[in-house]
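Working through the structure, step by step
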Amino acid sequence: MACSNSQEKFGTANYLSGGRETARGNSRLSCYPRMSNRCQGFLTSGKINLPVIGQYVDYLVNEQNVKNVFVNGTTGEGLSLSIQERKQLAEEWMYQGKDKLDHVIIHVGALNLPECQELARHAAAIGAGGIAVIAPFFFKPTKKDELVAFLQKVASEAPEVPFYYYHIPPLTGVKIRVEELLDGIKAQIPTFQGVKFSDTDLLDLAQCINKNETGEFEFLYGVDEQLLGALAVGANGAVGSFSLGNFSILSSNWVLVLHRPKL
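The following paragraphs examine the structure supplied in this document. Given the structure is predicted, the values throughout are model-derived calculations rather than measurements.

**A look at helix α9 (residues 202-211)**
Taken as a whole, α9 has its buried residues at Asp204, Leu205, Cys208 and Ile209. Angular distribution of buried residues about the axis of α9 spans 135 degrees; they occupy a single face of the element. Turned more than 90 degrees away from the buried face of α9, the exposed residues are Leu203 and Asn210. The backbone nitrogen of Leu203 lies 3.2 Å from a side-chain oxygen of the residue at the head of α9, namely Asp201.

As C-alpha coordinates, this is what we get:
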(Lines give C-alpha, C1' and ligand atoms only; values in the text may rest on other atoms or scores of the structure.)
Protein backbone atom coordinates (compact mmCIF):
# COMPACT_ATOMS: atom_id res chain seq x y z
CA MET A 1 0.00 0.00 0.00
CA ALA A 2 1.43 3.34 -0.96
CA CYS A 3 1.86 6.02 1.68
CA SER A 4 1.66 9.78 1.47
CA ASN A 5 4.90 11.70 1.84
CA SER A 6 4.10 12.45 5.47
CA GLN A 7 3.80 8.74 6.19
CA GLU A 8 6.62 7.51 3.98
CA LYS A 9 9.28 7.83 6.65
CA PHE A 10 7.64 5.51 9.14
CA GLY A 11 8.19 1.82 9.81
CA THR A 12 5.46 -0.75 10.14
CA ALA A 13 3.40 -1.17 13.27
CA ASN A 14 -0.09 -1.00 14.66
CA TYR A 15 -0.46 0.98 17.85
CA LEU A 16 -2.24 0.45 21.14
CA SER A 17 -2.16 2.76 24.12
CA GLY A 18 -3.16 2.68 27.75
CA GLY A 19 -3.49 -0.63 29.52
CA ARG A 20 -2.22 -2.07 32.75
CA GLU A 21 0.90 -4.02 33.65
CA THR A 22 1.85 -7.23 31.89
CA ALA A 23 4.92 -9.37 31.51
CA ARG A 24 5.74 -12.76 30.04
CA GLY A 25 4.71 -16.36 30.51
CA ASN A 26 1.42 -16.70 32.35
CA SER A 27 0.95 -13.01 32.97
CA ARG A 28 -1.70 -11.12 31.03
CA LEU A 29 -1.66 -8.28 28.57
CA SER A 30 -4.57 -6.24 29.81
CA CYS A 31 -6.98 -3.90 28.08
CA TYR A 32 -5.96 -1.00 25.85
CA PRO A 33 -8.38 1.94 25.67
CA ARG A 34 -6.80 3.67 22.66
CA MET A 35 -4.89 2.60 19.56
CA SER A 36 -3.79 3.54 16.06
CA ASN A 37 -2.34 1.81 13.02
CA ARG A 38 0.09 3.24 10.50
CA CYS A 39 0.84 2.14 6.98
CA GLN A 40 4.20 0.66 6.09
CA GLY A 41 6.91 3.19 5.28
CA PHE A 42 9.33 2.66 2.41
CA LEU A 43 12.22 4.60 1.06
CA THR A 44 11.99 5.58 -2.61
CA SER A 45 14.26 2.60 -3.31
CA GLY A 46 11.51 0.31 -2.06
CA LYS A 47 13.40 -0.70 1.08
CA ILE A 48 12.00 -0.36 4.59
CA ASN A 49 13.03 2.78 6.43
CA LEU A 50 14.56 1.69 9.75
CA PRO A 51 16.50 4.80 10.87
CA VAL A 52 13.41 6.87 11.74
CA ILE A 53 11.75 4.31 14.01
CA GLY A 54 13.49 5.84 17.03
CA GLN A 55 12.00 9.24 16.18
CA TYR A 56 8.64 7.60 15.67
CA VAL A 57 8.76 5.91 19.08
CA ASP A 58 9.50 9.26 20.69
CA TYR A 59 6.61 10.86 18.83
CA LEU A 60 4.18 8.14 19.86
CA VAL A 61 5.24 8.19 23.51
CA ASN A 62 5.66 11.93 23.98
CA GLU A 63 3.02 13.36 21.66
CA GLN A 64 0.35 10.66 21.56
CA ASN A 65 0.83 8.87 24.88
CA VAL A 66 1.10 5.54 23.03
CA LYS A 67 3.22 2.98 24.85
CA ASN A 68 2.19 -0.32 23.25
CA VAL A 69 2.68 -1.41 19.64
CA PHE A 70 1.56 -4.28 17.44
CA VAL A 71 4.30 -4.77 14.83
CA ASN A 72 4.02 -6.29 11.33
CA GLY A 73 0.24 -6.48 11.32
CA THR A 74 -2.25 -6.00 8.48
CA THR A 75 -2.21 -2.22 8.15
CA GLY A 76 1.55 -2.45 8.68
CA GLU A 77 1.69 -4.75 5.62
CA GLY A 78 3.74 -7.38 7.39
CA LEU A 79 2.72 -10.06 4.93
CA SER A 80 4.06 -7.95 2.06
CA LEU A 81 7.55 -8.04 3.57
CA SER A 82 10.26 -10.67 3.46
CA ILE A 83 11.05 -12.69 6.57
CA GLN A 84 14.32 -10.80 6.95
CA GLU A 85 12.58 -7.42 6.71
CA ARG A 86 10.06 -8.50 9.34
CA LYS A 87 12.87 -9.55 11.67
CA GLN A 88 14.69 -6.27 11.13
CA LEU A 89 11.59 -4.26 11.93
CA ALA A 90 10.83 -6.32 15.04
CA GLU A 91 14.39 -5.87 16.27
CA GLU A 92 14.35 -2.13 15.64
CA TRP A 93 11.05 -1.61 17.45
CA MET A 94 12.34 -3.63 20.40
CA TYR A 95 15.62 -1.71 20.47
CA GLN A 96 14.13 1.75 20.06
CA GLY A 97 11.25 1.00 22.43
CA LYS A 98 13.44 -0.20 25.31
CA ASP A 99 12.52 1.71 28.49
CA LYS A 100 9.96 3.72 26.48
CA LEU A 101 7.31 1.27 25.30
CA ASP A 102 5.47 -0.99 27.73
CA HIS A 103 4.76 -3.80 25.29
CA VAL A 104 5.73 -4.81 21.77
CA ILE A 105 3.49 -7.51 20.29
CA ILE A 106 4.83 -9.01 17.09
CA HIS A 107 2.64 -10.57 14.43
CA VAL A 108 4.37 -13.76 13.20
CA GLY A 109 1.73 -15.12 10.83
CA ALA A 110 2.73 -16.33 7.37
CA LEU A 111 1.46 -18.63 4.63
CA ASN A 112 3.51 -21.59 5.80
CA LEU A 113 4.19 -23.10 9.20
CA PRO A 114 8.02 -23.09 9.15
CA GLU A 115 8.14 -19.33 8.56
CA CYS A 116 5.63 -18.73 11.36
CA GLN A 117 7.74 -20.85 13.68
CA GLU A 118 10.92 -19.06 12.66
CA LEU A 119 9.36 -15.67 13.34
CA ALA A 120 7.96 -16.89 16.67
CA ARG A 121 11.41 -18.07 17.78
CA HIS A 122 12.90 -14.77 16.70
CA ALA A 123 10.26 -12.77 18.58
CA ALA A 124 10.97 -14.77 21.72
CA ALA A 125 14.72 -14.32 21.33
CA ILE A 126 14.48 -10.53 21.15
CA GLY A 127 12.15 -10.32 24.15
CA ALA A 128 8.77 -9.56 22.57
CA GLY A 129 5.95 -9.04 25.04
CA GLY A 130 3.58 -11.14 22.93
CA ILE A 131 3.10 -12.78 19.55
CA ALA A 132 0.05 -13.06 17.33
CA VAL A 133 -0.70 -15.22 14.31
CA ILE A 134 -3.38 -15.37 11.64
CA ALA A 135 -4.74 -18.61 10.21
CA PRO A 136 -3.09 -19.88 7.01
CA PHE A 137 -5.22 -18.52 4.19
CA PHE A 138 -4.28 -20.34 0.98
CA PHE A 139 -4.75 -23.93 2.06
CA LYS A 140 -7.22 -23.08 4.80
CA PRO A 141 -8.11 -25.07 7.90
CA THR A 142 -11.80 -25.96 7.77
CA LYS A 143 -12.19 -27.48 11.23
CA LYS A 144 -11.43 -26.24 14.71
CA ASP A 145 -8.96 -29.04 15.43
CA GLU A 146 -6.96 -28.22 12.31
CA LEU A 147 -6.69 -24.56 13.24
CA VAL A 148 -5.80 -25.27 16.87
CA ALA A 149 -3.09 -27.72 15.77
CA PHE A 150 -1.56 -25.02 13.57
CA LEU A 151 -1.67 -22.41 16.31
CA GLN A 152 -0.18 -24.82 18.82
CA LYS A 153 2.78 -25.57 16.57
CA VAL A 154 3.54 -21.86 16.31
CA ALA A 155 3.01 -21.05 19.98
CA SER A 156 5.20 -23.95 21.09
CA GLU A 157 8.21 -22.27 19.46
CA ALA A 158 7.90 -19.40 21.96
CA PRO A 159 6.81 -21.22 25.13
CA GLU A 160 7.30 -18.24 27.47
CA VAL A 161 5.61 -15.59 25.31
CA PRO A 162 1.89 -14.70 25.54
CA PHE A 163 0.09 -15.88 22.40
CA TYR A 164 -2.82 -14.27 20.55
CA TYR A 165 -4.92 -15.68 17.74
CA TYR A 166 -5.47 -13.02 15.07
CA HIS A 167 -9.01 -13.68 13.81
CA ILE A 168 -9.60 -11.83 10.54
CA PRO A 169 -11.92 -13.92 8.32
CA PRO A 170 -12.58 -11.14 5.75
CA LEU A 171 -8.95 -11.57 4.64
CA THR A 172 -8.15 -15.18 5.52
CA GLY A 173 -11.49 -16.74 4.57
CA VAL A 174 -11.21 -18.89 7.71
CA LYS A 175 -14.61 -18.58 9.38
CA ILE A 176 -14.23 -20.98 12.29
CA ARG A 177 -16.08 -19.32 15.17
CA VAL A 178 -13.83 -18.08 17.94
CA GLU A 179 -16.37 -19.12 20.57
CA GLU A 180 -15.88 -22.71 19.40
CA LEU A 181 -12.11 -22.27 19.24
CA LEU A 182 -11.88 -21.34 22.92
CA ASP A 183 -13.12 -24.70 24.19
CA GLY A 184 -10.12 -26.43 25.75
CA ILE A 185 -7.57 -24.22 24.02
CA LYS A 186 -5.64 -23.39 27.18
CA ALA A 187 -4.84 -27.07 27.67
CA GLN A 188 -3.36 -27.25 24.19
CA ILE A 189 -1.75 -23.80 24.14
CA PRO A 190 -0.75 -22.88 27.71
CA THR A 191 0.43 -19.41 26.65
CA PHE A 192 -2.88 -18.55 24.93
CA GLN A 193 -3.86 -15.06 26.13
CA GLY A 194 -6.65 -14.02 23.83
CA VAL A 195 -7.81 -12.89 20.41
CA LYS A 196 -7.38 -9.94 18.11
CA PHE A 197 -10.95 -10.14 16.84
CA SER A 198 -11.26 -8.50 13.41
CA ASP A 199 -14.69 -9.66 12.30
CA THR A 200 -18.12 -8.02 12.22
CA ASP A 201 -19.81 -10.95 13.97
CA LEU A 202 -20.54 -9.34 17.32
CA LEU A 203 -22.63 -12.34 18.34
CA ASP A 204 -19.53 -14.53 18.18
CA LEU A 205 -17.59 -11.92 20.15
CA ALA A 206 -20.33 -11.64 22.77
CA GLN A 207 -20.47 -15.42 23.15
CA CYS A 208 -16.69 -15.47 23.61
CA ILE A 209 -16.90 -12.87 26.34
CA ASN A 210 -19.80 -14.67 28.00
CA LYS A 211 -17.76 -17.88 28.01
CA ASN A 212 -14.79 -15.99 29.44
CA GLU A 213 -16.40 -15.63 32.87
CA THR A 214 -13.12 -15.71 34.78
CA GLY A 215 -11.54 -13.03 32.60
CA GLU A 216 -8.80 -15.44 31.60
CA PHE A 217 -8.57 -14.17 28.03
CA GLU A 218 -8.30 -10.77 26.37
CA PHE A 219 -10.40 -9.72 23.36
CA LEU A 220 -9.01 -6.82 21.34
CA TYR A 221 -11.40 -5.67 18.64
CA GLY A 222 -10.23 -4.79 15.14
CA VAL A 223 -13.19 -3.51 13.09
CA ASP A 224 -13.15 0.22 13.60
CA GLU A 225 -16.70 0.90 12.42
CA GLN A 226 -18.13 -1.40 15.09
CA LEU A 227 -15.80 -0.56 17.94
CA LEU A 228 -18.42 1.00 20.20
CA GLY A 229 -20.62 -2.05 19.76
CA ALA A 230 -17.72 -4.32 20.59
CA LEU A 231 -16.91 -2.35 23.74
CA ALA A 232 -20.58 -2.50 24.71
CA VAL A 233 -20.58 -6.31 24.62
CA GLY A 234 -17.37 -6.45 26.65
CA ALA A 235 -14.28 -6.21 24.45
CA ASN A 236 -11.19 -5.35 26.50
CA GLY A 237 -9.79 -2.89 23.97
CA ALA A 238 -8.92 -2.57 20.32
CA VAL A 239 -6.34 -2.54 17.57
CA GLY A 240 -7.53 -0.63 14.53
CA SER A 241 -6.65 1.59 11.61
CA PHE A 242 -9.09 4.50 11.59
CA SER A 243 -6.93 6.82 13.68
CA LEU A 244 -4.20 7.47 11.15
CA GLY A 245 -4.27 11.08 12.22
CA ASN A 246 -4.16 12.58 15.70
CA PHE A 247 -5.94 10.21 18.05
CA SER A 248 -5.00 11.78 21.37
CA ILE A 249 -8.27 13.73 21.23
CA LEU A 250 -10.13 10.45 21.68
CA SER A 251 -8.52 9.77 25.03
CA SER A 252 -11.04 11.07 27.53
CA ASN A 253 -14.08 9.70 25.72
CA TRP A 254 -12.56 6.24 25.39
CA VAL A 255 -11.51 6.12 29.00
CA LEU A 256 -15.08 6.97 29.97
CA VAL A 257 -16.40 4.16 27.79
CA LEU A 258 -14.03 1.58 29.24
CA HIS A 259 -14.09 2.71 32.85
CA ARG A 260 -17.62 4.04 33.28
CA PRO A 261 -19.12 3.15 36.68
CA LYS A 262 -21.68 0.40 36.89
CA LEU A 263 -25.22 1.67 37.49
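Still more ground to cover, so stick around.
**A look at the packing of helix α4 (residues 113-125) against helix α5 (residues 144-155)**
Look at α4 against α5: their axes get within 8 Å of each other, and the N-to-C directions meet at 35 degrees. Facing Leu113, Cys116, Gln117 and Ala120 of α4, the residues of α5 in contact are Phe150, Lys153 and Val154. Partitioning the contact of α4 with α5 into residue classes produces five nonpolar, one polar and one charged.

**Things to note about the environment of His107**
Along the chain, His107 falls in strand β4 (residues 103-107). Given a relative accessible area of 3%, His107 falls into the buried group. Remark: the alpha-carbon pair of His107 and Val133, spanning 26 residues in sequence, is separated by 5.7 Å. With near-sequence residues (within four places) excluded, His107 lies in contact with Phe70, Val71, Asn72, Gly73, Leu79, Arg86, Ala132, Val133, Ile134 and Tyr166. Within the structure, the side chain of His107 is placed 2.9 Å from the backbone oxygen of Asn72, a separation counted as a polar contact.

Definitions and limits used
Residues numbered from 1 in each chain as written. Predicted model: local features only at pLDDT ≥ 70, side-chain atom pairs only at ≥ 80, totals over all residues. Heavy atoms only, no water. Buried < 20%, exposed > 50% of the residue type's maximum accessible area, 1.4 Å probe, protein only. Helix = DSSP H or I, 4+ residues; strand = E, 2+ residues; numbered from the N terminus. Arc of directions from axis to C-beta. Polar contact = N/O pair within 3.5 Å; in protein donor to acceptor, adjacent residues only side chain to side chain. Axes fitted to C-alpha atoms, helices over the stretch in contact; angles between N-to-C directions. Contact = heavy atoms within 4.5 Å. Nonpolar A, V, L, I, M, F, W, Y, C, P; charged D, E, K, R; others polar.

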